Amino acid sequence: MVVKQQNKAWVLAVGIIVLVGLPFVLREGYALLSVQQPMWGIALRTFATRFLGIFIEAVPFLLLGSVVSGIIDAFVTADDIARLIPRHKLGSTVVGAFMGFIFPVCECGVVPVVRRLYRKGLPLSVGVAFLLAAPIMNPVVVVSTFVAFGWSGVFIGRFVVSGVVACVVGLIFAYRSTPLMVLSPQSIEAFAGGSADGHTHEEHHHTLPTKLMDAFEVAISEFFEMGFYLVVGTLLASLMQTFIATESLTPIATDALGSVLALQLMAFVLSVCSTVDAFLALAFKGTFTTGAIVSFLSFGPMVDIKSTLMFLGVFQRKVVLYLIVLPFLLTLWAGVFWNLNLPW
Amino acid sequence: MKSIRLIIVGMLLGYLGYALYSGQLANYINLRFQWLSWVALVILLLMLVNQLIALVKPNGLHVHEHDHEHSPTTWYMLAIMGVPLVLGIAIPSAPLGAEAIRGSVSTVGFAPAVSASTFNIAPEKRNVLDWVRVISDSADWAEFDGQAVDVSGFVYREPNVPEGQFMIARFTMSCCVADASALALFVEAADAEQYADGDWVQVTGEMDYRTVEENPHMVIVASDVTPIPVPEQPYLYP
């Protein structure tokens, strides 16, 4: 046991030296490169500035989002949420779309929460509206979008479009389906009363400090998981800004339909967390149409590679397809409509 | 994995703290949003404390299966989260300069939103952004003819710039470098060729209204061009 502990300490010590030292060694490498290849040195420096600009502006929101998510995980039970939602279809669907303001879960936090809620007998339409809207309709996203775009058409458009799309898709489910038709077997099991889920949060012996420790443990995991997508997305955006001439994107970026499709595809692939995607969108401002940016900011948080994988754990395949196609078509329509009819 | 995570959180804390302390943050974001970086610093510190406690007394942490769906932190997540640190530490911090313009520079003639207060600024107090605003908003450019100019910025040249001229440019940003765009004014100086693209200079002289190929044109006729260090706030905030 003692030996094991010692080994651990060694690994940590070596790890610290290597990890902390690496960037400083690379610093020497960069200095050498900028002497031998000045053009490359300058290009790399511009790229680093553009990358760090987005990252530094975004990282506070990513951290805030992670902490909120950890706190909800440790302190709020599905019962608390279920109690707040009215049971009739139309009203509750709209309430579902705005629930994110009370429970600001991000797009990764929302899927497990919705699954838990379904087990508590939450109406299907409410869950769908909550699932689609919560990643956007939440205070952290409101602030980050405002920081990026100020009081502008993009800011208002993002929330109007996603609110409407979430309600419409929710209501389609309300009137067209029953839980048995859409939920995956795993989630239905719980509908019959059993809890497939070993853990509940109603363990009252948890003290406040333990819960806080738990919350931060969740927050850190989430920070690294979401940070991965943020860094990859930021790398792509800053590479594009540094190395691709704006003019070469112009044909598609200014096309009313093409620009929307291009940024929707980008949003789906990048899977960047909704708390920080506004800063990536900023990199497209001026190059792409405003409608495309609104679609990017509305569609991305609802559907992307990451959330698609998570949807598959809750819903049947056919339903997952609807959950992708309906928001896709509705935000596509909204973006194109914006480009053709609105002046900003 | 957890100890590497701990190190990365610690290094992010250190990097952000240094960027705030050294003023390098001004190279990346509008300082109006500096408080956000302080928020980030506090959260990172709390995370670091949490991880240290967990490391020291592993039993104190009540680890259990969470409903929250995480994939565990994997090596590639850790590697990717190291990228900002490498770019931040390995490459000396610098603001966007002449090489970042790549042809898309705005000068007088386009119409940014102009506020009444911009007009009340005395001519010699106007910066590049103020000048571009007032001139673009004016119906009669001749009113600026002969006004005193004292502006700072970096040297930039369009491919077809006439001999004896360069542009004095600044980047403006509202949020961070992602939305930075370049603004510039034309300068005519006897020693124009001495200054390379990207050099920071202070230009004093007077505005000259002229017509070039039947188009109205504004040029600063420099009486003096002085090299200056990169200012602490390299960007202008509209």
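This report concerns the structure included in the present document. Quick caveat: nothing in here was measured; it's all calculated off a predicted structure. (Residues numbered from 1 in each chain as written. Chains lettered and ligands numbered in written order. Predicted model: local features only at pLDDT ≥ 70, side-chain atom pairs only at ≥ 80, totals over all residues. Heavy atoms only, no water.)

Topic: the packing of helix α8 (residues 153–176) of chain A against helix α17 (residues 317–341) of chain A
Residue and element names in this part refer to chain A. In contact at an axis separation of 10 Å, α8 and α17 are set at 140° when each is read in the N-to-C sense. With respect to their mutual orientation, α8 and α17 come out oblique. In the packing of α8 onto α17, the handedness of the crossing is right-handed. Residue-level contacts link Gly 153, Gly 157, Val 161, Val 165, Val 168, Val 169, Ile 172 and Phe 173 of α8 to Val 319, Tyr 322, Leu 323, Leu 326, Pro 327, Leu 330, Thr 331, Ala 334 and Trp 338 of α17. (Axes fitted to C-alpha atoms, helices over the stretch in contact; angles between N-to-C directions. Helix = DSSP H or I, 4+ residues; strand = E, 2+ residues; numbered from the N terminus. Parallel < 35°, antiparallel > 145°, perpendicular 65-115°, else oblique. Left-handed = near helix turned anticlockwise from the far one by under 90°. Contact = heavy atoms within 4.5 Å.)

Considering the side chain of Ser 238 of chain A
Residues and elements named next belong to chain A. Mapped onto the elements of the fold, Ser 238 is located in helix α11 (residues 208–243). Here Ser 238 falls in the buried class, since its relative accessible area comes to 0%. Within the structure, Ser 238 has its side chain in polar contact with the backbone oxygen of Leu 235 (distance 3.3 Å). Residues in contact with Ser 238, not counting those within four places in the same chain, are Phe 47, Arg 50 and Phe 51. (Buried < 20%, exposed > 50% of the residue type's maximum accessible area, 1.4 Å probe, protein only. Polar contact = N/O pair within 3.5 Å; in protein donor to acceptor, adjacent residues only side chain to side chain.)

Description of the packing of aromatic side chains
Taken as a whole, this structure holds 18 aromatic pairs over all chains when the rule is applied. Among the aromatic residues, those joined into a cluster by ring pairs are Phe 146, Trp 151, Phe 155 and Phe 159 of chain A. Between Arg 126 of chain B and the ring centre of Trp 131 of chain B, over which it is positioned, the NZ or CZ distance is 4.6 Å. (Phe/Tyr/Trp six-rings, centres within 6.5 Å; stacked < 30°, edge-to-face > 60°. Lys NZ or Arg CZ within 6 Å of the ring centre and 35° of its normal.)

Regarding the interface of chain A and chain B
If you look at the interface, chain A gives 72 residues, while chain B gives 68 residues. Both faces considered, chain A and chain B share a buried interface measuring about 6500 Å² in area, 72% of it formed by carbon and sulfur atoms. In terms of surface lost to chain B, no three residues of chain A exceed Ile 56, Met 213 and Phe 224 of chain A, which account for 11% of the buried area on that side. Inspection of the region where chain A meets chain B yields 2 salt bridges. In this assembly, chain A and chain B are joined by 9 residue pairs in polar contact (both at pLDDT 80 or more). At the level of elements, α1 (2–36), α2 (38–75), α5 (107–119), α7 (139–149), α11 and α14 (277–284) of chain A are the ones that each hand at least two residues to the side of chain A that touches chain B. In terms of residues, the side of chain A that touches chain B owes the most to one element, α2 of chain A, which gives 23 residues. For the side of chain A that touches chain B, the class distribution of residues is 45 nonpolar, 14 polar and 13 charged. (Buried area = accessible area lost by both parts, 1.4 Å probe. Salt bridge = Lys/Arg side-chain N within 4 Å of Asp/Glu carboxyl O. Nonpolar A, V, L, I, M, F, W, Y, C, P; charged D, E, K, R; others polar.)

Considerations on the pattern of salt bridges
Counted under the stated rule, the structure contains 6 salt bridges over all chains. Here Glu 99 of chain B and Arg 45 of chain A are joined by a salt bridge, their closest N and O atoms 3.8 Å apart. Within this pair, whereas Glu 99 of chain B is found in the loop between α3 (75–90) and β1 (105–106), its partner Arg 45 of chain A is found in helix α2, the two belonging to separate chains. Since its relative accessible area comes to 30%, Glu 99 of chain B is described here as partly exposed. Overall, the relative accessible area of 27% leaves Arg 45 of chain A in the partly exposed class. Between Arg 157 of chain B and Asp 197 of chain B there is a salt bridge, with the nearest N and O atoms lying 2.9 Å from each other. Of this pair, Arg 157 of chain B sits in the loop between β2 (148–156) and β3 (165–172) while Asp 197 of chain B is found in the loop between β4 (181–188) and β5 (200–212), placing the two residues 40 residues apart along the sequence. For Asp 197 of chain B, a relative accessible area of 40% translates into the label partly exposed. The network of salt bridges with common partners includes Glu 188, Asp 208 and Arg 210 of chain B.

Quick word on the nonpolar core
In terms of nonpolar packing, the biggest core is built from 87 residues, with Phe 149, Phe 223, Val 276 and Phe 279 of chain A together with Met 47 of chain B touching the most fellow members. By residue number, the principal contributor to this core is α2 of chain A, which donates 13 residues. Excluding residues within four positions of it along the chain, Phe 223 of chain A makes contact with Val 59, Leu 62, Leu 63 and Ser 66 of chain A together with Leu 12, Met 47 and Met 81 of chain B. Counting residues in hydrophobic clusters, the runner-up holds 54 residues, among them Val 110, Tyr 118, Phe 299 and Trp 338 of chain A. (Core = buried A, V, L, I, M, F, W, Y, C linked by side-chain atoms within 4.5 Å.)

A short note on the pairing of β3 of chain B
Residues and elements named next belong to chain B. Burial analysis of β3 places 8 of its 8 residues in the buried class, the great majority of the element. Burial along β3 is two-sided: Gln 165, Met 167, Ala 169 and Phe 171 facing one way and Phe 166, Ile 168, Arg 170 and Thr 172 facing the other are all buried. Bridge count between β2 and β3: 3 bridges; the pairing is antiparallel. Note that in β3 the partner of Val 155 across the bridge is Ile 168. Where β3 and β4 come together, 8 bridges link them in antiparallel fashion. The partner of Phe 171 across the bridge, within β4, is Ala 182. (Pairing = 2+ DSSP bridges.)

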